[in-house]
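Structural description and commentary
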Amino acid sequence: MNKTKTYYQPHEYYDDGTNIEWGDTPAELMSFQAFATREDCEEWLENMGYDPTDFAIIEYQDEDIEEVTIIDGYGDVIEINE
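Residues numbered from 1 in each chain as written. Predicted model: local features only at pLDDT ≥ 70, side-chain atom pairs only at ≥ 80, totals over all residues. Heavy atoms only, no water.

1. Here we look at the packing of aromatic side chains
Stated precisely, the cut-off is as follows: The criterion for an aromatic pair is that two Phe, Tyr or Trp rings (for Trp, the six-membered ring) have centres within 6.5 Å, with stacked assigned to planes under 30 degrees apart, edge-to-face to planes over 60 apart and tilted to the rest. Burial status follows relative accessibility: with a 1.4 Å probe on protein chains alone, a residue under 20% of its type maximum counts as buried, one over 50% as exposed, and anything between as partly exposed.
One pass over the structure, following the stated rule, counts four aromatic pairs. Look at Tyr50 and Phe55: their rings are 5.3 Å apart centre to centre, the planes differ by 85°, and that puts the pair in the edge-to-face class. Judged by relative accessible area, Tyr50 falls into the partly exposed class, the value being 25%.

2. Points about a negative patch on the surface
Our working definition: Patches here are clusters of residues that have more than 30% relative accessible area and form no salt bridge, with a 9 Å joining cutoff for like charges and a 5 Å cutoff for nonpolar side chains (Val, Leu, Ile, Met, Phe, Trp, Tyr). Accessible areas in this description were obtained via Shrake-Rupley with a 1.4 Å probe; residue shielding takes into account the shown protein chains only. Throughout this description, the term salt bridge denotes a Lys or Arg side-chain nitrogen within 4 Å of a carboxyl oxygen of Asp or Glu. Counted as positive: Lys and Arg. Counted as negative: Asp and Glu. His and the chain ends are not counted at all. Every charge is mapped to an atom, namely NZ of Lys, CZ of Arg, CG of Asp or CD of Glu. Numbered from the N terminus, helices here are DSSP runs of H or I no shorter than four residues, and strands are runs of E no shorter than two.
Among the surface-exposed residues, Glu12, Asp24, Glu39, Glu42, Glu46, Asp51 and Asp54 lie close enough to one another that they form a single negatively charged patch. On the secondary structure map, Glu12 appears in strand S1 (residues 6–15). Overall, Glu12 belongs to the partly exposed group, its relative accessible area being 38%.

3. A short note on the pattern of salt bridges
Enumeration over the complete set of coordinates arrives at one salt bridge. Here Lys5 makes a salt bridge to Glu79, at a shortest N to O gap of 2.9 Å. Of this pair, Lys5 sits in the segment before S1 while Glu79 sits in strand S6 (residues 77–80), and the two are 74 residues apart along the sequence. Residue Glu79 is classed as partly exposed on the basis of its relative accessible area, which comes to 29%.

4. Describing the pairing of S1
Spelled out, the test is: When DSSP locates at least two bridges between a pair of strands, those strands are taken to pair.
Pairing between S1 and strand S4 (residues 55–61): seven bridges, direction antiparallel. Bridging from a neighbouring strand, His11 pairs with Ala56 of S4. The sheet contact formed by S1 and strand S2 (residues 20–22) spans three bridges and is antiparallel. Looking across to S2, one finds that Asp15 is bridged to Ile20.

Taken by themselves, the reported measurements are silent on function.
Here it is as structure tokens:
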């Protein structure tokens, strides 16, 4: 059975109605870290003092992020994929 693994990362996003600008992930989040759910991602952003509406939560699957580490809304590691 081939099960697709889905996980999420926040990326800064700004839309003034004319222009859309994309930024990076928050400085506190390593490039290989992601969240199991959108809700965990939003919770983490709030816990870190960010406004979740300033971010687009991007969905990734399987090996989109090499050796992804899944964290929860508190930044604690849930799963490490090496």
